[in-house]
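Here is how the chains run, residue by residue.
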Amino acid sequence: MGTELESRLLSDEQLQRYQADGYLALESWIDEAWMQRLNTTLDEYIEISRTAAPDDRRFDTEPSHTPENPRLRRINQPTDLDPTFAEFALDGPATDLAQAILGPDIRYHHSKLNIKWHSGGDEVKWHQDIQFWPHTDFSPLTIGVYLRDVDDEMGPMGIVPQSHKGQLYDLADENGSWTGSLSKTDLETVDLDSADYLKGPAGSVTVHNCCAVHGSEPNLSDRMRPLLLQTYSRADSYPLIGVGANGATGRSGHQIVRGGAPTHIEIGGRRMPAAPDWSRGYTSIFEVQKNKE
Ligand SMILES: O=C(O)CCC(=O)C(=O)O
């Protein structure tokens, strides 16, 4: 995509706000045609989940989930599951938006659809994302799309402005065991009163940087709160494979979705050429050096 379209997607003021606050809210940003496709696909997977085996890794269900009364918490890696979700994340509006913020060359990381079922769908405790899947920089961001109208009662995503510039917390309890959320002591250092709860009509979009402190309350309403989330980084930001969820991001993970792979990388302040991507098959140094002088 050229710079002309990128600059039409977001204003300078929006881009500056993202950099300053670590997040953006874009009301009713996804068009009706996409919303219909995404919601039809969501409905199909809710139907499939009714009779899915408890160990079916496509779905994360609440303990009380039954065929008659489905209670889905999350659809895992929707981009790998279905062509509609794949198009949306890998070459659709979410890709366009990621590119508008991160620049021409971007890498896709993973996706999930947090459904937060009605009448008590789980809270998400305050956390930062980057500790779950560390990268070589802090460019990763997550783009969320509310598939239904969302109000305060439904557990909208809350983000603490400017927290992306602050401390990176341990996400561990007082004994050092991983909890995936800030400890009580750490929470005292965060200005939770300033949290901005992002809501709006279906099609509203959230964008948050991987270092922003965020979380959401349980859904106490009688309506579900599906939030389709997809994560991207700059192409020259590399996931640290083997740390956290980086090795488990699904088969679409880690591909460059816009622009090209970098020819050079910088590590520890030193620049060096990056070899081509041989992940689809490497032979040997003999083969690679053959006839190359
Ligand atoms: O669904 C939400 O409200 C927040 C999701 C989130 O932060 C996550 O899944 O990492």
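Residues numbered from 1 in each chain as written. Predicted model: local features only at pLDDT ≥ 70, side-chain atom pairs only at ≥ 80, totals over all residues. Heavy atoms only, no water.

Draft legend 1. Fine view of the packing of aromatic side chains. Considering all chains together, one arrives at six aromatic pairs under this definition. Residues Tyr-108 and Tyr-232 carry aromatic rings whose centres are separated by 5.9 Å and whose planes lie at 70° to one another, so their mutual orientation is edge-to-face. Note that Tyr-108 is positioned in strand 4 (residues 106-114) and Tyr-232 in strand 11 (residues 227-234), a separation of 124 residues in sequence. A single burial state applies to Tyr-108 and to Tyr-232, both of which are buried. In this structure, Arg-37 packs its charged tip against the face of Trp-34, placed 4.3 Å from the ring centre. Arg-107 extends its terminal NZ or CZ atom over the ring of Tyr-238, reaching a point 4.6 Å from the ring centre. (Phe/Tyr/Trp six-rings, centres within 6.5 Å; stacked < 30°, edge-to-face > 60°. Helix = DSSP H or I, 4+ residues; strand = E, 2+ residues; numbered from the N terminus. Buried < 20%, exposed > 50% of the residue type's maximum accessible area, 1.4 Å probe, protein only. Lys NZ or Arg CZ within 6 Å of the ring centre and 35° of its normal.)

Draft legend 2. View of the sheet that holds strand 10 (residues 214-216). If you walk across this open sheet you meet the four strands as 5-10-7-8, and the pairing is antiparallel. Both outer strands of the open sheet, strand 5 (124-127) and strand 8 (196-198), are each paired with one neighbouring strand and no more. Strand-to-strand, the axes of this sheet are offset by a mean angle of 25°, without reference to chain direction. Across three bridges, the pairing between strand 7 (residues 157-159) and strand 8 is antiparallel. Opposite Met-157, over in strand 8, you have Leu-198 as the bridge partner. (Pairing = 2+ DSSP bridges. Axes fitted to C-alpha atoms, helices over the stretch in contact; angles between N-to-C directions.)

Draft legend 3. View of the pairing of strand 3 (residues 72-76). Where strand 2 (residues 59-61) and strand 3 come together, three bridges link them in antiparallel fashion. Counted as the bridge partner of Asp-60 is Arg-74 from strand 3. Sheet topology note: the strand 3/strand 4 ladder contains three bridges and is antiparallel. Note that in strand 4 the partner of Asn-76 across the bridge is Lys-112.

Draft legend 4. Expanded view of the site of the ligand. Around the ligand, the surrounding shell consists of Arg-74, Lys-112, Asn-114, Val-124, His-127, Asp-129, Met-157, His-214, Ser-216, Arg-225, Leu-227 and Leu-229. Within the side chain of Asn-114, a nitrogen or oxygen atom sits 2.9 Å from an oxygen atom of the ligand. Taking His-127, its side chain carries an N or O atom lying 3.1 Å from an oxygen atom of the ligand. Protein coverage of the free-state accessible area of the ligand, which is 290 Å², stands at 93%. Looking at the shell around the ligand, the elements with two or more residues in it are strand 4, strand 5, strand 10 and strand 11. Classifying every residue of the shell around the ligand gives four nonpolar, four polar and four charged. (Near = heavy atom within 4 Å. Polar contact = N/O pair within 3.5 Å; in protein donor to acceptor, adjacent residues only side chain to side chain. Areas by Shrake-Rupley, 256 points an atom, 1.4 Å probe, with all protein chains shown as cover. Nonpolar A, V, L, I, M, F, W, Y, C, P; charged D, E, K, R; others polar.)

Draft legend 5. Representation of helix 3 (residues 32-50) in the model. Taking 1.5 Å of rise per residue, the 19 residues of helix 3 would be expected to cover 27 Å, and the 27 Å separating its terminal C-alpha atoms lies within 8% of that figure. Residues of helix 3 that are buried include every one of Trp-34, Met-35, Leu-38, Asn-39, Thr-41, Leu-42, Tyr-45, Ile-46 and Ser-49, and no others. Angular distribution of buried residues about the axis of helix 3 spans 165°; they occupy a single face of the element. Exposed residues on helix 3 whose side chains face more than 90 degrees from its buried face are Glu-32, Ala-33 and Gln-36. (Expected span 1.5 Å × (residues − 1). Arc of directions from axis to C-beta.)

Draft legend 6. Highlighting the packing of helix 5 (residues 83-91) against helix 6 (residues 93-102). With their axes 4 Å apart at the nearest point, helix 5 and helix 6 run at an angle of 15° to one another. Looking at the two axes, helix 5 sits roughly parallel to helix 6. Remark: the crossing between helix 5 and helix 6 carries right-handed chirality. Packed against helix 5, whose contacting residues are Phe-88, Ala-89, Leu-90 and Asp-91, the element helix 6 presents Pro-93, Ala-94 and Thr-95 at the interface. Here the contact of helix 5 with helix 6 is built from residues that sort into five nonpolar, one polar and one charged. (Parallel < 35°, antiparallel > 145°, perpendicular 65-115°, else oblique. Left-handed = near helix turned anticlockwise from the far one by under 90°. Contact = heavy atoms within 4.5 Å.)

Draft legend 7. The arrangement of the environment of Tyr-169 in detail. Looking at the secondary structure, you find Tyr-169 in the loop between strand 7 and helix 7 (184-187). By relative accessible area, which is 7% here, Tyr-169 ends up buried. In this structure, Tyr-169 is in contact with Gln-128, Gln-131, Leu-182, Asp-186, Thr-189, Val-190 and Val-213, ignoring residues within four places of it in sequence. For Tyr-169, the side chain forms a polar contact with the side chain of Thr-189, separated by 2.8 Å.

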